[in-house]
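Structural characterization, general
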Amino acid sequence: MTQAVPLVALVGNPNAGKSALFNALTGARQKIANYPGVTVERKSGRAAFADGRPVELIDLPGAYSLEPDSLDEAVTRDVVLGRLEGHRRPDALIVVVDAGNLDNHLRFALELIGQGLPTVLALNMVDLASRDGLELDAEKLSLELGVPVVATVAVRKRGLDPLMAALAGQLASPSTSANAPSGRAQITKRAHAIARSVIVSETQGRQWTRRLDSVLLHPVGGIVVLLALLFVMFQGVYAWSEAPIGWIEGGFALLTEAINGALPDSLFRSFLTDGVIAGVGSVVVFLPQILILFFFILLLEASGYMTRAAFVMDRLMAAVGLSGHSFIPLLSSFACAIPGIMATRTIMDQKERLATILIAPLMTCSARLPVYTLIIGAFIPATSVGPGIGLQGLVLFGLYVAGIVGAMLAAAIIQRFVTHSRQSSFLIEMPRYQMPRLRDIAIGLWQRAWIFLRRAGTIIFAATIILWALLSFPKAPEGANESQVEYSVAGRIADGIEVVVSPIGFNHDIALALVPAMAAREVAVSALATAYAVDAEDEDEQAMTLGTQLAGKWSLATALAFLAWFVFAPQCISTIAVTRRETNGWKWPTFMVVYLFALAYVAAGITYWMAVAAGLG
């Protein structure tokens, strides 16, 4: 009776060099097929021990844990545990880890060693670790884990013979492995302790990385640092933008004055001053604040901090049924919900992905910033509430926090009553800290500025011109009791909308701005500016800034209700269209629009009536 050829599985995290090691061991002796019942690719090949005996090797899909978040990871788990129908359990494992990322890769290695199969650990890419100043003690690592550890460089075919010799020894006489801890927290703690204990030498940079991570990844300290960074960011949005905003406003004022002086009073002059300059210009003035916001975001991304922020947020997001997988798409939504929704494609759990899509519009995107800063600048005094703490920046920070809190509460309700998704695991590799390159930051800011200005020159321009036409016609007759805006087509449409929104404190101006703002949230600003420009009785009134005009016509309660509305309202038709594309139908976009508008209406109403009760109406 012939003895079966031993079956050995190569297992490890993604990017550990597992496939390179498999190719080095098997050469051209490979077969590619699918695992039974699934579409996941199965790579197998033959290798030989020093005495000529064959061994069958299989290259399992990369995984972070035996608790799968994807079909690939589920196949890896089922093969290792012997659960995959039509596939026998491996006789042994070769666990491949990246020597330069040992603390993260040992988490999965400890899980695998705990399964009780004969195991050899391939300490791969030791050449790159040495290049980066990291030297590890493979013998001590072997003692800690209780399995043979062999240093390898798969791409250069180094360490292959010792690896095969160790594997032959394990198949003949398995060594006793260390008792693997149970539970994700205990495994992580043990992995970090082992990784630190086997370091022979490392550079100062790696030591500083470990010290920084001890603070930035701390369950409490990490949250405090994240909130502090966000707070500084929003203070900077106001403190640093005041001067450049003044320059832009001054430029548009000079341009308006020049046009008024060069052209006679006519429809064309109204088109230029009341439509183009008042509408588009009122949005463009907020470019400095948007660039400051993105300066901070790009700085944090380039430094390597954003991934750590995702790790810190994982614990908080778990409380509402999400995981750190959702953090990056939601973070992207602070720029714009559209790329944020598209980024949910990386979330393997489809129910968690759907929940993330449905709450992405609640993240405070850059399109809300012109609305927020306009209202805050007009109604919130530019006073200091502490050393270096401005009241306006504090209110802006509060609006962003309100959006985040609203998103988390919505996620908890959606997960519990709508999607019913299970809690998924979240494992991620931390990038190195590095100094951001000013050139990369400058390119990123230029791209954001171009996107914003292109949007102002297309969507906002088109919406503003259409609104100007609707506000300008038909012309109010001489001596009419109604103003031009009230007499116009747009004014009559706003009359109907005002009936619905007046209970939450909204006036005719807001009712007029809500419909064109569906094209883009910033259009609400240009709509208000255009309406006031059309209704201006003289050039002095036309020259007044939009914020000054609002402060004279709105109550504080109405202004606060308007802010609360924009925290929640899905005022972006492009976001709705992308949601329809990503969910393959109108069911979920309709649900999203209905629940967000309902939430906005209730929030605005509560805000208005509480403000009135407090004497702010």
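An account of the accompanying structure is given in this report. (Residues numbered from 1 in each chain as written. Predicted model: local features only at pLDDT ≥ 70, side-chain atom pairs only at ≥ 80, totals over all residues. Heavy atoms only, no water.)

Take the overall build of the chain next. Broken down by element type, the chain carries 28 helices and eleven strands. For the chain, the spread of C-alpha atoms along the three principal axes comes to 110 × 50 × 45 Å. The burial tally for the chain puts 52% of its 617 residues in the buried class. Relative to all contacts within the chain whose residues are 6 or more apart in sequence, the contacts with residues 24 or more apart total 73%. Surface exposure of the chain reaches about 27600 Å², of which carbon and sulfur atoms provide 62%. Across the chain, 46 positive and 48 negative side-chain charges occur, with their mean positions spaced 12 Å apart. (Helix = DSSP H or I, 4+ residues; strand = E, 2+ residues; numbered from the N terminus. Buried < 20%, exposed > 50% of the residue type's maximum accessible area, 1.4 Å probe, protein only. Contact = heavy atoms within 4.5 Å. Areas by Shrake-Rupley, 256 points an atom, 1.4 Å probe, with all protein chains shown as cover. Lys, Arg positive; Asp, Glu negative; His and termini not counted. Charge placed at Lys NZ, Arg CZ, Asp CG, Glu CD.)

Moving on to the environment of Val237. Mapped onto the elements of the fold, Val237 is located in helix α9 (residues 221-239). Residue classification places Val237 among the buried residues on the basis of a relative accessible area of 1%. Distance in space between the C-alpha atoms of Val237 and Phe294 is 9.8 Å, their sequence separation being 57 residues. The contact partners of Val237, leaving out residues within four places of it in the chain, are Gln289, Ile292, Leu293, Leu369 and Leu396.

On to the packing of aromatic side chains. Per the counting criterion, the structure on display carries 18 aromatic pairs. A ring pair is formed by Trp468 and Phe473, whose centres lie 6.5 Å apart and whose planes are at 85°; its orientation type is edge-to-face. For Phe473, a relative accessible area of 36% puts it in the partly exposed group. Ring geometry for Tyr608 and Trp609: centres 5.0 Å apart, planes at 80°, overall edge-to-face. Residue Tyr608 is classed as buried on the basis of its relative accessible area, which comes to 17%. Overall, Trp609 belongs to the exposed group, its relative accessible area being 51%. The rings of Phe379, Phe506, Trp554, Phe562, Trp565, Phe566 and Phe597 are connected pair by pair, giving a single aromatic cluster. (Phe/Tyr/Trp six-rings, centres within 6.5 Å; stacked < 30°, edge-to-face > 60°.)

The next thing to look at is the side chain of Thr364. By the element assignment, Thr364 lies in the loop between α16 (350-359) and α17 (369-379). Looking at Thr364, the relative accessible area reads 0%, which means it is buried. In contact with Thr364, other than residues within four places in its own chain, are Ser333, Phe334, Tyr372, Leu399, Tyr400 and Gly403.

With that settled, the discussion passes to helix α8 (residues 204-216). With 13 residues, α8 extends 18 Å between its outermost C-alpha atoms, agreeing within 8% with the 18 Å of an ideal straight helix rising 1.5 Å per residue. The complete set of buried residues in α8 reads Gln207, Asp213 and Leu216. Buried residues belonging to α8 abut α9 and α13 (305-318). (Expected span 1.5 Å × (residues − 1).)

Note on pairing: side chains with opposite charge can pair once their charged atoms come close. What the rule picks out here adds up to 16 salt bridges. One salt bridge connects Arg46 with Glu56, and the closest N-O pair in it is separated by 2.7 Å. Taken as a pair, Arg46 in strand β3 (residues 41-48) and Glu56 in strand β4 (residues 54-59) lie far apart in primary sequence, ten residues in all. Of the residues examined, Arg46 reaches a relative accessible area of 38% and is grouped as partly exposed. Classification of Glu56 as buried rests on a relative accessible area of 14%. Arg77 is the partner of Asp78 in a salt bridge, and the nearest nitrogen-oxygen pair spans 3.0 Å. According to the relative accessible area criterion, Asp78 is buried, its value standing at 15%. (Salt bridge = Lys/Arg side-chain N within 4 Å of Asp/Glu carboxyl O.)

Let us look at unusual backbone geometry. As a rule of thumb, non-glycine residues mostly have phi less than zero, and peptide bonds are mostly trans rather than cis. Residue Pro474 is bonded to the preceding Phe473 through a cis peptide linkage, with omega at -10°. Its location among the elements puts Pro474 in the loop between α19 (438-472) and α20 (484-487). Residue Asn15 is not a glycine yet carries a positive backbone phi of 70°. Residue placement: Asn15 occurs in the loop between β1 (7-12) and α1 (18-26). The exposed category is assigned to Asn15, whose relative accessible area is 64%. Even without being glycine, Met125 reaches a positive phi, approximately 60°. Within the element layout of this structure, Met125 appears in the loop between β6 (119-124) and α4 (126-131).

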